Amino acid sequence: MPFPDRATAAAWLGGGVVGEAWAGGLEERDGGWWPRFDADVLARLFEALVRAPSWPAWTAPALPVALLVAERGILAPGAVAAMLAARPDAWSLGVPGAGHDVHLERPDAVAGFLDAFLTAHV
């Protein structure tokens, strides 16, 4: 870093629609393309998120829940199975071939899933 130009950044960030979306978060300054965020602030944010308890929110019985699972996402299959076992009433959708940025790779699947979920719960 920095990237010499936006095209190089987009290619390094995965190419295609995903790389372009991530490159859209860069800004041109000081002779290169840089992230718009402060890396130290982002690291502290992720550290806090990892430590935050998520099971109480997931298992809260009064809340409808939806789980969108990308085939090549960050959730391990065992974690997905545990989540669905803990909430058999959860709406879930597995998206074959998609990665972590499933909303960019398969916006049609995400929009359809969210539309159905919200229609049923609003």
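Preceding this section is the structure that the text describes.
The structure reproduced in this document is the subject of the present report. Note that the structure is predicted; figures quoted are calculated from it, not measured.

Counting residues in each nonpolar core, the largest one holds seven residues, listed as W58, V65, L67, V69, V80, M83 and A90. If you list the elements that add at least two residues to this core, you get β3 (66–72) and α5 (77–86). Sequence-distant contacts of M83, that is, excluding residues within four places in its chain, are made with W55, W58, L67 and L75. Membership of the second largest hydrophobic core comes to six residues, among which are F3, A9, A23 and L26.

Here we take up the packing of aromatic side chains. Counted according to the given criterion, the structure contains two aromatic pairs. Judged by centre distance (5.6 Å) and plane angle (50°), the rings of F3 and W12 are tilted. Given the relative accessible area of 13%, F3 is considered buried. The exposure class of W12 is exposed, given its relative accessible area of 65%. Ring geometry for W91 against F117: centres 5.7 Å apart, planes inclined by 80°, an arrangement best described as edge-to-face. Here F117 lies in helix α7 (residues 107–121) and W91 lies in strand β4 (residues 91–99), a separation of 26 residues in the sequence.

Further remarks concern the pairing of β3. As judged from the six bridges shared by β3 and β4, these two strands associate in the parallel manner. What sits directly across from R72, in β4, is G99. Regarding the hand of the β-α-β motif, the stretch spanning β3, α5 and β4 is right-handed.

What follows is about the side chain of R87. Structurally, the position occupied by R87 is in the loop between α5 and β4. At 2.8 Å, the side chain of R87 and the backbone oxygen of W58 are in polar contact. If we ignore the near neighbours within four places in the chain, the residues touching R87 are W58, T59, A60, P61, L63, P64 and V65.

Each value, and the rule that gives it
Residues numbered from 1 in each chain as written. Predicted model: local features only at pLDDT ≥ 70, side-chain atom pairs only at ≥ 80, totals over all residues. Heavy atoms only, no water. Core = buried A, V, L, I, M, F, W, Y, C linked by side-chain atoms within 4.5 Å. Buried < 20%, exposed > 50% of the residue type's maximum accessible area, 1.4 Å probe, protein only. Helix = DSSP H or I, 4+ residues; strand = E, 2+ residues; numbered from the N terminus. Contact = heavy atoms within 4.5 Å. Phe/Tyr/Trp six-rings, centres within 6.5 Å; stacked < 30°, edge-to-face > 60°. Pairing = 2+ DSSP bridges. Right-handed = clockwise from strand over helix to strand, strands pointing away. Polar contact = N/O pair within 3.5 Å; in protein donor to acceptor, adjacent residues only side chain to side chain.

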